[in-house]
Amino acid sequence: MKRRDFLATGAAAMAAPRFGHLVTGLARPVPTPQQLQWQRDELALFLHFGVNTFTDREWGDGTENPAIFQPTALDARQWARAAKAAGARGLVLTAKHHDGFCLWPTATTAHSVASSPWRGGGGDVVREFTDACRAEGLRAGLYLSPWDRNAPSYGDSPRYNDFYCAQLTELLTRYGPLHEVWFDGAVEVGPGGRKQEYDWARIWGLVRTLQPDAVIFSDAGPDVRWIGNERGVAGDPNWSTVNPATVPYPGASGDDVIAMLQHGDPGGTVWRPGEADVSIRPGWFWHPAEDAKVRSVDDLVELYFSSVGRNSKLLLNVPPTRDGVIHPTDAARLSGMRERLDALFAEDRYADAATGRSVTVSTADLREDIARGQSVAAYRLEGRVEGAWRVLSRGTTIGHRKLDRFASVTITAARLTVENAVGPVGNIPVRFFA
Ligand code: FUL
């Protein structure tokens, strides 16, 4: 594949940063190496699997009999291969969802795979999952739902925090390196209307101590934030910096919270990029009635543009069936999406423009070097069409990656003008595709 970096023109180099939030002299936030790798991965698969798979529900109530958990042909290598075929670099599994059923043989509760007939009660889905990820060269992540509708201690705050931290410790110490630990924000009161107060400092501290290379996801970060919806659509603009006071804890609600999650904040003091989680089906868990409602390849490509193409990471949910495998329809859509993306981004057309030939393009791929932070707040991309400059696209933020589509046009040259920035603007490579 040919690749020639597009140099920002004189106009870009001269653009005076004049965004209101710029505080000259103060260092702008930059990603940690873990956050950088997480974002460069661009796509990971999410796997919702558990008792809900067998009860046909989205939220179990914790009264499920563990005997119902009986996948007939569980094959975690098949999950990992499907992820690879999608071009994903990692997977995140629901080790425990709101029903409290643990997919590993925990010492903390009998509500687990150890009480099921699967593999004679000797099975461990988390082990098979993490082994499969490693065997396929993929990164493993785990979701441990804070809300637990089975644990009797839920709502008795100190007691449940101990229980939850014991579960988390098992997951963080038994299964080798984890890349991401996922905490959702769904919370309801426990038995007798007791409200659970989570000890987030302790919970996050455990991850830091036991898995220092993992990024921590929740609405409130601290490393990666939720993008604010479950439709796979990042905000425009989408800053990777935020003001941490706006979303103080997972599950915080309100319009300000959602706006911050969607857009970030150019004046934010911490680096906390957005992750867009969305399902390939209407539900998060597998339901037989949804086998005919799997997103099309076109739809998946759109999701990629509205998430990865807007400086977010895409966490695409693909739920295993009762057999314990990814359904063939879902697997086919995943590989179809990858083929389409690979074809689209196979050749940088603009590299040819240097030879003086004209090139026909309809997609631009812009990138900031986010290792140095995120700066661009407004830009204009122009192409030379029949001897005159024409605007191809205008945008706000760029970040790790910004994908712009426009009506197919033949250009002989291109230039990018940064019209507004909150910090120093480096070289911004732009590639063009048909
Ligand atoms: C939410 C949960 O309530 C949903 O069931 C799903 O797991 C989603 C990813 O997170 O908080």
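All values reported here derive from a predicted model rather than from experimental measurement. (Residues numbered from 1 in each chain as written. Predicted model: local features only at pLDDT ≥ 70, side-chain atom pairs only at ≥ 80, totals over all residues. Heavy atoms only, no water.)

**So, the site of the ligand**
And step 1. Taken together, the neighbourhood of the ligand is formed by Phe46, His48, Trp59, His97, His98, Tyr143, Trp182, Asp184, Ala186, Glu230, Asp277 and Trp284.
And step 2. Trp59 places a side-chain nitrogen or oxygen 3.0 Å from an oxygen atom of the ligand.
And step 3. Relative to its free-state accessible area of 290 Å², the ligand is covered by the protein chains to the extent of 91%.
And step 4. For the shell around the ligand, the class distribution of residues is six nonpolar, three polar and three charged. (Near = heavy atom within 4 Å. Polar contact = N/O pair within 3.5 Å; in protein donor to acceptor, adjacent residues only side chain to side chain. Areas by Shrake-Rupley, 256 points an atom, 1.4 Å probe, with all protein chains shown as cover. Nonpolar A, V, L, I, M, F, W, Y, C, P; charged D, E, K, R; others polar.)

**Comments concerning the nonpolar core**
And step 1. Ranked by internal contacts, the top residues of the largest apolar core, which has 96 residues, are Trp79, Leu93, Val125, Phe183 and Leu316.
And step 2. It is helix H6 (residues 157-174) that contributes the most residues to this core, seven residues altogether.
And step 3. Beyond its immediate chain neighbours, meaning those up to four positions away, Phe183 contacts Leu144, Tyr164, Leu168, Trp200, Ile203, Trp204, Val207, Ile216, Phe217 and Ser218.
And step 4. In terms of nonpolar packing, the next biggest core, distinct from the first, is built from 22 residues, Val385, Ile398, Val409 and Leu416 among them. (Core = buried A, V, L, I, M, F, W, Y, C linked by side-chain atoms within 4.5 Å. Buried < 20%, exposed > 50% of the residue type's maximum accessible area, 1.4 Å probe, protein only. Helix = DSSP H or I, 4+ residues; strand = E, 2+ residues; numbered from the N terminus. Contact = heavy atoms within 4.5 Å.)

**Section: the environment of Thr396**
And step 1. Here Thr396 shows up in the loop between strand E13 (388-395) and strand E14 (402-411).
And step 2. For Thr396, a relative accessible area of 25% puts it in the partly exposed group.
And step 3. Not counting chain neighbours up to four residues away, the residues in contact with Thr396 comprise Asp236, Pro237, Val376, Ala377, Ala378 and Tyr379.
And step 4. At a separation of 2.6 Å, a polar atom in the side chain of Thr396 contacts the side chain of Asp236.

**A short note on the pattern of salt bridges**
Close approach of charged atoms allows side chains with opposite charge to pair.
And step 1. Counting across every chain of the model gives 29 salt bridges.
And step 2. A salt bridge links Asp156 to Arg159; the shortest N-O distance between them is 2.8 Å.
And step 3. For Arg159, a relative accessible area of 48% translates into the label partly exposed.
And step 4. As a salt-bridge pair, Arg281 and Asp291 come within 2.9 Å of each other at their nearest N and O atoms. Placement of the pair is Arg281 in the loop between strand E9 (274-279) and helix H9 (297-306) and Asp291 in the loop between E9 and H9, with a sequence separation of 10 residues. (Salt bridge = Lys/Arg side-chain N within 4 Å of Asp/Glu carboxyl O.)

**With respect to the packing of aromatic side chains**
And step 1. Taken as a whole, this structure holds 24 aromatic pairs when the rule is applied.
And step 2. Note on Tyr160 and Phe163: the rings are 5.6 Å apart at their centroids and 35 degrees apart in plane angle, and the pair reads as tilted. Note that Tyr160 and Phe163 are positioned in helix H6 at a spacing of three residues, about one turn of the helix. A single burial state applies to Tyr160 and to Phe163, both of which are buried.
And step 3. Plain terms: the ring middles of Trp182 and Phe217 are 4.1 Å apart, the flat faces sit at 5 degrees to each other, and that makes the pair stacked. In this pair, Trp182 sits in strand E4 (residues 180-182) while Phe217 sits in strand E5 (residues 215-218), placing the two residues 35 residues apart along the sequence. Here Trp182 and Phe217 have matching classes, each one buried.
And step 4. We note Arg401 situated over the ring of Phe345; from NZ or CZ to the ring centre the distance is 4.9 Å.
And step 5. The residue whose ring lies beneath Arg415 is Trp389, and the NZ or CZ to ring-centre distance is 4.3 Å. (Phe/Tyr/Trp six-rings, centres within 6.5 Å; stacked < 30°, edge-to-face > 60°. Lys NZ or Arg CZ within 6 Å of the ring centre and 35° of its normal.)

**Thoughts on the sheet that holds strand E11 (residues 359-366)**
And step 1. Spatially, E14-E11-E16 is the arrangement adopted by the three strands of the open sheet, whose pairing is antiparallel. Edge positions in the open sheet fall to E14 and strand E16 (430-433), since each of these has one partner strand only. Averaged over all pairs of adjacent strands, the angle between their axes in this sheet comes to 30 degrees, without regard to strand direction.
And step 2. Direction of pairing for E11 relative to E14: antiparallel, over a ladder of seven bridges. (Pairing = 2+ DSSP bridges. Axes fitted to C-alpha atoms, helices over the stretch in contact; angles between N-to-C directions.)

**Overview of the pairing of E11**
And step 1. Most of E11 is tucked away: seven of the eight residues are buried.
And step 2. Examined bridge by bridge, E11 and E16 share four bridges and lie antiparallel to one another. Residue pairing across strands places Thr363 opposite Phe433, the latter belonging to E16.

**Thoughts on the domain arrangement of the protein**
And step 1. Under the domain assignment used here, the protein contains domain 1 (10-28 + 348-433) and domain 2 (33-344).
And step 2. Computed from C-alpha atoms alone, the centre-to-centre distance between domain 1 and domain 2 is 34 Å.
And step 3. When domain 1 packs against domain 2, close to 1900 Å² is buried across both sides, 58% of that on carbon and sulfur atoms.
And step 4. Considering only the surface of domain 1 that becomes buried against domain 2, His400, Arg401 and Arg405 emerge as the three largest contributors, covering 29% of it.
And step 5. Where domain 1 packs against domain 2, one counts two salt bridges.
And step 6. Among the ionic pairs, Glu42 bridges to Arg401, the shortest N-O distance being 3.0 Å. (Domains from an automatic or database assignment. Buried area = accessible area lost by both parts, 1.4 Å probe.)

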